Amino acid sequence: MIERIWSGSSLLYLALLPLSWLYGLVSALIRLSYRCGLRKSWRAPVPVVVVGNLTAGGNGKTPMVIWLVEQLQQRGYRVGVVSRGYGGKSTVYPLVLGPNTTTREAGDEPVLIYQRTGAPVAISPNRSEAVQALLQQQRLDLVITDDGLQHYALQRDFELVVIDGVRRFGNGWWLPAGPMRERAARLNSVDARVANGGVAQAGEIAMRLQAREAVNLLSGERRPAAELTQVVAMAGIGHPPRFFATLEKLGVDVEQEVAFADHQEYQLSQLAALTPAGQTLLMTEKDAVKCRAFAQPNWWYLPVDAVLPPGQAEQLLQGIEKLLAQ
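A quick note: this is a predicted structure, and the numbers were derived from the prediction, not measured.

On to the overall build of the protein. Across its full length, the protein holds ten helices and 15 strands. Computed over C-alpha atoms, the radius of gyration of the protein comes to 20 Å, within 12% of the 20 Å expected from 2.2 N^0.38 for 326 residues, which places it in the range of a compact globule. With the principal axes as the frame, the protein shows a C-alpha extent of 60 × 50 × 45 Å. A separation of at least 24 residues holds for 73% of the contacts in the protein among residues at least 6 apart in sequence. Put simply, the protein shows about 15,000 Å² of open surface, and 53% of that area lies on carbon and sulfur atoms. Across the protein, the centroid of the 32 positively charged side chains sits 8 Å from that of the 29 negatively charged ones.

Okay, the UniProt feature "transmembrane region" (unreviewed entry) in the protein next. The UniProt entry lists residues 12–34 under the feature "transmembrane region" (unreviewed entry), expressed in the numbering used here. Between the first and last C-alpha atoms of residues 12–34 the distance is 34 Å; the span itself is 96% helix and 0% strand.

Once that is clear, we can look at the pattern of salt bridges. With the rule as written, the count across this model stands at 21 salt bridges. Its salt-bridge partner being Arg75, residue Glu314 comes within 2.4 Å of it at the nearest N-O pair. Linking Glu314 in helix α10 (residues 310–325) with Arg75 in the loop between α3 (61–74) and β2 (79–83), this pair joins segments that are 239 residues apart in sequence. Residue Glu314 is classed as partly exposed on the basis of its relative accessible area of 31%. In this structure, Lys286 and Glu109 form a salt bridge, with 2.9 Å as the shortest nitrogen-oxygen distance.

Attention now goes to the sheet that holds strand β9 (residues 214–216). Across the sheet, six strands lie side by side as β10-β9-β14-β13-β11-β12; this open sheet has mixed pairing. The open sheet terminates on both sides in strands that have one partner only, identified here as β10 (222–223) and β12 (254–259). Sheet topology places strand β11 (residues 231–235) next to β12; five bridges connect them, and they run parallel. In the sheet register, Val232 faces β12, and the bridge partner there is Gln256. Where helix α7 (residues 240–249) meets the sheet, its contacts fall on β11, β12, β13 (280–284) and β14 (299–302), and the angle it forms with β11 comes to roughly 150°.

Below, the discussion takes up the UniProt feature "binding site: ATP" (unreviewed entry) in the protein. The feature "binding site: ATP" (unreviewed entry), as given by UniProt, occupies Thr55, Ala56, Gly57, Gly58, Asn59, Gly60, Lys61 and Thr62 in the numbering adopted here. Residues from the named set that contribute to the lining of the largest pocket are Gly57, Gly58, Asn59, Gly60, Lys61 and Thr62. Note that Thr55 resides in the loop between β1 (48–52) and α3. Thr55 sits in the buried class, given a relative accessible area of 6%. When sequence neighbours within four positions are dropped, the list of residues in contact with Thr55 reads Arg168, Phe169, Pro179, Met180 and Arg181.

This part is about the pairing of strand β5 (residues 142–146). With respect to burial, β5 is a largely interior element, five of its five residues being buried. Taking every second residue as pointing to the same face, both faces of β5 are buried, with Leu142, Ile144 and Asp146 on one and Val143 and Thr145 on the other. In terms of strand pairing, β1 meets β5 through four bridges, oriented parallel. Bridge pairing in β5 links Val48 to Val143.

Before going further, it helps to spend a moment on α10. With 16 residues, α10 extends 22 Å between its outermost C-alpha atoms, agreeing within 8% with the 22 Å of an ideal straight helix rising 1.5 Å per residue. Taken residue by residue, α10 has Ala313, Leu316, Leu317, Ile320 and Leu323 as its buried positions. Along the long axis of α10, the arc covered by the buried residues comes to 95°, so they all point the same way. Opposite the buried face of α10, at more than 90 degrees from it, the exposed residues are Pro310, Gly311, Gln315, Lys322 and Ala325. In this structure, the buried side of α10 is in contact with β1, α3, β5, β6 (158–164), β7 (192–196) and β8 (205–211).

Conventions we followed
- Throughout this description, residue numbers start from 1 for each chain and increase along the sequence as written.
- Residues qualify for local features only when their pLDDT is at least 70, as the model is predicted, and side-chain atom pairs are given and counted only at 80 or more; totals for whole chains, interfaces and linings, by contrast, use all residues.
- Think of the side-chain values as coming from all heavy atoms in the structure, minus any hydrogens and water.
- Under the DSSP-based scheme used, a helix requires at least four consecutive residues in state H or I and a strand at least two consecutive residues in state E, with every element numbered from the N terminus.
- Our radius of gyration is a C-alpha quantity, and the globule rule it is checked against amounts to 2.2 Å times the number of residues to the power 0.38.
- Contact criterion: two residues are considered in contact whenever any of their non-hydrogen atoms come within 4.5 Å of each other.
- Exposure was quantified through the Shrake-Rupley algorithm and a 1.4 Å probe, taking into account, for residues, occlusion by the shown protein chains and nothing else.
- Under this rule, positive means Lys or Arg and negative means Asp or Glu; His and the chain ends count for nothing.
- A single reference atom marks each charge: NZ on Lys, CZ on Arg, CG on Asp, CD on Glu.
- UniProt positions are given in the numbering used here, feature names are shortened, and annotations may be inferred rather than shown by experiment.
- We count a salt bridge whenever a side-chain nitrogen from Lys or Arg sits within 4 Å of a carboxyl oxygen from Asp or Glu.
- Exposure is judged per residue with a 1.4 Å probe applied to protein chains only, and the accessible area is read against the type maximum: over 50% gives exposed, under 20% gives buried, and values in between give partly exposed.
- Here, any two strands with at least 2 DSSP bridges between them count as paired.
- Note on geometry: axes are C-alpha line fits, over the in-contact stretch for helices, and angles between N-to-C directions span 0 to 180 degrees.
- Grid points spaced at 1 Å and placed over the protein atoms alone form the basis of the search, with a cavity being a set where a 1.4 Å probe fits but cannot get out and a pocket an open set showing protein on both sides within 12 Å along at least five of seven lines. Lining residues have an atom within 4 Å of a point.
- A helix is expected to span 1.5 Å for every residue after the first.
- Arc, as used here, means the arc of the directions from the helix axis to the C-beta atoms.

Shown next, in the form of structure tokens:
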């Protein structure tokens, strides 16, 4: 239902407009308070790159963060990552992730970024504290914040917005009548815009998600996803249809699609019930990091990588490298 409302195909959004106006007013006042100095913001001693979005729901932000971290690491830079840690319930903040940090503590996305990149990662509702925690432990050349475009308590040197290239901005209204955290005009003040899927518009960098081979959660075996049989596909991400569409493009024979809420916490009995006849359970990598402790032999996940056109990718990276030369 919420997708229909936000897409503009339902007039029910009209009933939610008063709440949206209130949301927009509060958001504008918060941002103005930082601009006028009524609220204090903190500047880190190293450059800060924000990767965020204007809309709620999955836009491909985490794959973009992983791509940036890996590309900068390959160029020899020491990169740290900070996040709010949505879905995590740590008893202490800031929390610097380690090999034994669970998704229950830190949330799924920070753990995924940590495992994929090996970069130091810290979480805290106050991202400034997360940055300071990382810098107290090691030297870094720059910090990337996963989400946080609207977290103005942390000053930033470079803003990158990831846009769902298919859904775009829906009906254009603020939450809850629409998907917007800020209006589309905010794009005029950011440093880079990346469109995930669809058709990139003028001034946007085209991005697509490229699937790797499927990986077995227990054995680590890899094989083309299309070779898996009797597949039950599940996704607990911001926009599950994107994952199911990817499987269709890969030629995976899916018997059933199961969508969960974003940041869903799983139990063994809950997931085992999806494959009562021993079918193959295929999930996203974001789901997999929450299931490793109780994974079964028939559970697989599908890693994806962000892919950008070489020329635009180089231009983006050079823009960030300029911060390091200052």
